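Summary of structural features
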Amino acid sequence: MATHLNILTARDLSKSYRIADREIYILENISLEVQAGEFLIVAGASGSGKTTLLSLLSGLDRPTDGRVWIEETDITDLTEDALAPYRNRSFGFVFQSFHLVPSLDARENIMFPAELRGDPLAREKADRLIARVGLDGRHTNFPHQLSGGEKQRVALCRALINTPKIIFADEPTGNLDSENSAVILDLLLDLRKEYGATLIMVTHSPEIAARADRTILLKDGRIAGETVHGAAHAP
Amino acid sequence: MGRPMLHRRFIFRQITRSGKQALVLVLCVMLSIVSLVSISGLGDSIRQNLLKDARALHGGDIILHSRSPFSAPLEAAVSKLTARGEAKSLRVLEFNSVVLNEKKDASLLSNLKLVESGYPLYGKVTLASGRSFPAVLAPGGAIVGQVLLDRLHLSVGDRICVGKATLVIRDVVVNEPDRPVSFFSFGPRVFIHMDDANRLGLISRGSRIEYSLLLKTAQGANIEKIAETLRASAEKGERVETYRSARSRIKRFFDNFLFFLSLIAIFTLILSGIGIQSSLTALIREKRRSIAVMRAVGATGGFISGHFVAVVALLGLFGTILGTLFGYWLQYLMPALFGGLLPGTLRPGLSWLSATQGIVLGVLVVSLFAFVPLYRLREVKPVAVFRKETAASRKGVVAYISMAALTLLFAGMILWQLEDKRIGAWLLLGLAGLIVLSGLASQAVLSLLGKISFKSLALRQALRGLHRPGNATRAILITLSASFSVLFCIYLVEKNLNATFVRSYPANAPNLFFIDIQPDQIQQFSDTLGFAPRYYPVVRARLTAINDEKIDPEAQRTRRGDNLGRTFNLTYRDDLLDDEALLAGTALFGKNIQGLQVSVLDTVTEMHPLSIGDRLQFNIQGVPVEATVSSIRTRTRESIEPFFYFVFPGDSLLKDAPQTIFTAIRLPRADIGKMQSRIAAKFPNVTPIDVTQIIADFATILEKLTLVIRFFTALGIAAGLLIIISSILATRLARAAETVYYKILGARGRFVSAVFTLENLLIGLLSGLLGLLFSQVGAMIISVRIFKIDYRFYPAQSLLMVAATMLMVVIVGMSASVSILRQRPMAVLREQTEE
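What this report covers is the structure whose coordinates are included nearby.

Considerations on the overall build of chain B
Within chain B, the regular secondary structure consists of 25 helices and 21 strands. A burial count over chain B gives 40% of its 835 residues as buried. In chain B, the share of contacts with a sequence separation of at least 24, taken over all contacts with a separation of at least 6, comes to 85%.

As structure tokens, this is what we get:
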């Protein structure tokens, strides 16, 4: 059941696979609530189920058990088409591997979600974002012509162009050197504030976790701990 | 060491886990072998069943032909041979004449063959009753083709009237050795005993009769030497051939037709080869990571290459076996496919040699096309475990060498299959031109499309998809547009021929021709018709020299198309016909030219350059005549009006030469039969030709031939579609990623489907339009230059063909993409991340 203040609520989420006769649990009975504007970190060792949790919360995958609400809407059983408006308008995604469309240039990649919703100002918005993240002059470069840091900036702009309510970021600095990681993280956090978005991020990095409002620690598919970095948010 | 060179389990795993790519590869190999084997098999069947016995096909060891009774010296030479027991001779006369029922109220133009007792010298004439031909054919009787019985509603035992004679139908001919198929002659066969020749009253000087003398030489005789002796005695117009040197019309037809089908098979082979390369590239791309891992843990390049060669060899072998079996099975469909062009008794006759040749060729092509993707296995380094493949690797020297080897192989194959190397070279050039043109046009269109900014997001994405790395867009466009251009071209030529000769038969054009009217029959003939048509005198003659340069009939006969060595029909008149115009000269005959003049049709100048003042020497039934070219005429429209190559002045010596009269009239369709019968009853020597019937027969043959061509061209299209599938499989990962990116960014399934549908639609549209463009140009050239008919574009049908192409490409493309479209986002994202 979603509470009024929560932008995202998850109850008893489980994800398992059947291999031969064995049921292998990736996630087991995860419940959490995320408030609007919150910066939540999902931390944990490799294989603890962080990315799986992010995919269930964002509707990219379906849980074996449990439910997910976005504000007051249960998205658990929505079809791909019914999820489309959420992904387009309410969610923004930033991935470790960037996942830019290789056949589109930087501007086209950024514009794409806005064009999908029929925004006539898509191009202007994209150009503003490009300037904001310091990619001026790279508008027409294709992904293979960009560096890792530049690709992630494009991905960041793409995630923000429709002013999403929630940004899901899966180890956004995982493929970057330390200098680019710092730049991307600063941009991400600044832009989140500018756009007033909730940020749910999967990361290993304790430095990043320190800048979050709250961190939940996953271990073997279960929540092993929760740290609130600011006083505003209780576990 | 005892370590096995090849790991069977590894090979088996690679095959079973490659699923669709392996299936496409097998299908491509199968398709290439099917077309080769089925056409080889068809050739074998024809050679074994129809052409196997050259002696039977030509009627004897030595064959003498003439359009007039044989000359005394040749007759004497033959008599000498037979008297010495060196050969046995048999006479045959062939000509067309009308056969009537006994009541004379129904008639049919038939192909009469008068033979002496002892016919045939070789082979066997099969009769419906099963009786022996020599026992049945006796004076007073006739053996006829079933068509005659059907059209005149007669049965065995009924009587027919041929010329002045009445004959009893004794039996029905099913098959004759020197006429294994019947579509080369219009009209059914009627066998009559030579002893009835005079009773018919149809044989007179100037009649269109083919005289043959068939010789069966004694055992061990030197056929070439005897033929040489006979040639020494032969006069002009008499041909002496041996069964080895003679080229029958039927053999020529099948040689040409099989060559044309072979070209289509080679074309299919090229397309299948591209499919093989594309599917193998897809297969190896899917295994790239596994290969990198194997290299990282110590597998040598040789180990990997060896195993993948084994994988390809096994899949190739499987495809080859399937292709051979399917190709062989297709042989059983051939008689039905040819729908009467071949006798129903044709048995599948794939020889081991042809099968082996087909398979070896198939394996060679598979190996050459598979070489580049297999060679590129070397490029997969262990470091690929860490790195994701970003851009397609560039073609290296090896790829270009392999392409050159393939080009040489195909060029060699085409030239090898054709006896006439000049035509082979032209065809090769045409095929290469078609492929190069398709390539250039595809590139131009793709570049142009890349520059246009469309408003629709889905359309823009679809266009971008065409440039997806690894997408075989250009290869698909080239192969599909080239195949469609062949298919469309055949369709358009058929439609144009049909429209010109069959459907839109000109309303005022004559539809009934009468030939061999005697000059003294003209008045009575007009009375019988009820009106006086225009009569054209016809004098048969040969052209012997041009400006004293002798015409060699033998050399002329080897030319394709019309030649100057044949017998011509001359006429005389003083005026131009309505459909004639002068190309050279101010009048048909000039005032300033001395001696006999002749006006020449421009068709003759295509066989030999001629201009006003040139001297032509003719042999008019034994009389040498020289005439000066006074004008050159052309025909202003292609019609079924009578026309003559050589026209002499009305008061010239031709007036007194032995001649027949020819006329052409138009009658309502329903009256043709009655008029034919009336004329045939009154004028047995006159041959009526019902043009509408001939055209209907021609249309049927045309339809059957195009069906066969379409069938084999369809194999080329199938190969093109396999390339689409293999291209989709080769870019599966990229397409799946795109699908998921679209979905993650909020696109609905409808949008994703629209992007892929539009991409396929664009491929279908472009290849259809390019194919249509090439086919329109090709069909126009064939129609105007070869058939000399006006060309129609058929815009509605053309658009339908393009629409059908688009639909087919979309159906195939979307069917191959269904599993990609259904991918769950997370599965693909993980796969992408892991790469």
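Things to note about the interface of chain A and chain B
Taken residue by residue, the interface counts 24 residues in chain A and 23 residues in chain B. The set of elements that each furnish at least two residues to the side of chain A that touches chain B consists of α2 (80–90), β6 (91–95) and α3 (106–116) of chain A. Among the elements that take part in the side of chain A that touches chain B, α2 of chain A stands out by supplying seven residues, more than any other. Looking at the side of chain A that touches chain B, its residues break down into eleven nonpolar, seven polar and six charged.

A word on the sheet that holds strand β2 (residues 22–35) of chain A
All names here are of chain A. In space, the four strands of this open sheet follow the order β2-β1-β4-β5, with antiparallel pairing throughout. Of all strands in the sheet, those with a lone pairing partner are β2 and β5 (73–74), marking the two edges. In this fold helix α1 (residues 50–57) packs onto β1 (6–19), β2 and β4 (65–70), with an angle of close to 120 degrees to the strand it touches most, β1.

Points about helix α8 (residues 223–233) of chain B
Residues and elements named next belong to chain B. Taken residue by residue, α8 has I226, A227 and L230 as its buried positions. Buried residues in α8, looked at end-on, bunch into an arc of 100 degrees, giving them a common side. Opposite the packed face of α8, turned more than 90 degrees from it, sit the exposed residues E224, K225, E228 and A232. The secondary structure elements touched by the buried residues of α8 are β1 (62–66), α4 (72–83), β2 (87–101), β9 (210–217) and β10 (239–242).

Some points on the environment of S245 of chain B
Residue and element names in this part refer to chain B. Along the chain, S245 turns up in the loop between β10 and α9 (249–296). A residue is classified by how many C-beta atoms lie within 10 Å of it, and S245, with 14 of them, is partly exposed. Sequence separation between S245 and A54 is 191 residues, and the spatial gap between their C-alpha atoms is 9.8 Å.

So, the pairing of strand β3 (residues 107–115) of chain B
All names here are of chain B. β3 sits mainly inside the fold: eight of its nine residues count as buried. Direction of pairing for β2 relative to β3: antiparallel, over a ladder of nine bridges. Counterpart to L100 in the pairing with β3 is S107. Here β2 folds back onto β3 in antiparallel fashion, the turn holding five residues, of which K104 has a positive phi close to 65 degrees. Judged from the five bridges that link them, β3 and strand β8 (residues 189–193) form a sheet pairing that is parallel.

Topic: the pairing of strand β12 (residues 535–546) of chain B
Residue and element names in this part refer to chain B. Looking at chain direction, β12 and strand β20 (residues 660–665) are connected through four bridges and run antiparallel. By the bridge assignment for β20, Y535 is matched with T663. Bridging between β12 and strand β14 (residues 567–572) involves four bridges; their strand directions are antiparallel. Its bridge partner lying in β14, R540 is registered against N569. Bridge analysis of β12 against strand β17 (residues 615–620) gives four bridges, and the strand direction is antiparallel.

What about the sheet that holds strand β10 (residues 222–228) of chain A?
Whether parallel or antiparallel, the strands of a sheet pair through hydrogen bonds between backbone atoms. All names here are of chain A. Read from one edge of the open sheet, six strands run β6-β7-β8-β3-β9-β10, paired in mixed fashion. Strand pairing shows two members of the sheet lacking a second neighbour, β6 and β10, which therefore form its edges. The mean angle between the axes of side-by-side strands here comes to 15 degrees, regardless of whether they run parallel or antiparallel. Where strand β7 (residues 166–170) meets strand β8 (residues 198–202), five bridges bridge the pair, whose relative direction is parallel. By the bridge assignment, I167 is partnered in β8 with L199. Its contacts with the sheet put α1 on β3 (39–44), β7, β8 and β9 (214–219), and the angle it makes with β8 is roughly 150 degrees.

Some thoughts on the environment of F756 of chain B
Along the polypeptide, F756 of chain B turns up in helix α23 (residues 749–786). Contacts of F756 of chain B, omitting those with residues within four sequence positions, involve M814, S817 and L821 of chain B.

Notes on the environment of G323 of chain B
Residue and element names in this part refer to chain B. Relative to the helices and strands, G323 resides in helix α10 (residues 301–330). Considering only alpha carbons, one finds G323 and L36, 287 residues apart in sequence, at a separation of 9.1 Å. Once you skip the residues sitting within four places of it in the chain, G323 turns out to touch V29, M30, S32, I33, V34, V37 and G362.

What to know about the nonpolar core
V42, L156, C157 and I200 of chain A together with L25 and L722 of chain B are the most contacted members of the largest nonpolar core, which totals 190 residues. Looking at which element gives the most residues to this core, the answer is α9 of chain B, with 18 residues. Leaving out residues up to four positions away in the same chain, I200 of chain A has contacts with V34, L40, V42, L54, L57, I166 and F168 of chain A. Within the second largest apolar cluster, 82 residues are counted, among which are F191, I517, V538 and L588 of chain B.

Considering the packing of α10 of chain B against helix α12 (residues 352–375) of chain B
Residues and elements named next belong to chain B. Following both chains from N to C, one finds α10 and α12 inclined at 145 degrees, their axes separated by 10 Å at the closest point. For the element pair α10 and α12, the recorded crossing hand is right-handed. Along the contact surface, α10 presents S305, F308, V309, V312, G316, T320, G323 and T324, while α12 presents A355, I359, G362, V363, V366, A370 and L374. Its residues assigned to classes, the contact of α10 with α12 shows nine nonpolar, six polar and no charged.

Some details on unusual backbone geometry
For the bond from Y119 of chain B to P120 of chain B, the omega torsion is -5 degrees, close enough to zero to count as cis. Counting through the fold element by element, P120 of chain B comes out in the loop between β3 and β4 (126–127). Backbone geometry at E71 of chain A places phi at a positive 50 degrees, although glycine is not the residue there. By secondary structure assignment, the location of E71 of chain A is in the loop between β4 and β5. One non-glycine residue, T163 of chain A, lies in the positive phi region at around 45 degrees. If you trace the backbone, T163 of chain A turns up in the loop between α5 (148–160) and β7.

Concerning α3 of chain A
Within α3 of chain A, ten of the eleven residues are buried, which leaves it mostly tucked inside the rest of the structure. Burial in α3 of chain A covers these residues: A106, R107, E108, N109, I110, M111, F112, P113, A114 and L116 of chain A. Elements in contact with the buried residues of α3 of chain A: α2, α4 (122–132) and α5 of chain A together with α15 (457–466) of chain B. A positive phi of about 80 degrees marks G118 of chain A, the residue just after α3 of chain A.

Quick notes on the packing of helix α1 (residues 8–16) of chain B against α10 of chain B
Residue and element names in this part refer to chain B. Following both chains from N to C, one finds α1 and α10 inclined at 60 degrees, their axes separated by 9 Å at the closest point. Taken together, the axes of α1 and α10 are oblique relative to one another. α10 is crossed by α1, and the crossing has right-handed handedness. Counted together, F10, I11, Q14 and I15 of α1 and H307, A310, V311, L314 and L315 of α10 form the full contact between these two elements. Among the residues making up the contact of α1 with α10, the classes are represented as seven nonpolar, two polar and no charged.

Calculation rules
Residues numbered from 1 in each chain as written. Chains lettered and ligands numbered in written order. Predicted model: local features only at pLDDT ≥ 70, side-chain atom pairs only at ≥ 80, totals over all residues. Helix = DSSP H or I, 4+ residues; strand = E, 2+ residues; numbered from the N terminus. Buried ≥ 20, exposed ≤ 12 C-beta atoms within 10 Å, placed from the backbone. Contact = placed C-beta atoms within 7 Å. Nonpolar A, V, L, I, M, F, W, Y, C, P; charged D, E, K, R; others polar. Pairing = 2+ DSSP bridges. Axes fitted to C-alpha atoms, helices over the stretch in contact; angles between N-to-C directions. Arc of directions from axis to C-beta. Core = buried A, V, L, I, M, F, W, Y, C linked by C-beta atoms within 7 Å. Left-handed = near helix turned anticlockwise from the far one by under 90°. Parallel < 35°, antiparallel > 145°, perpendicular 65-115°, else oblique.

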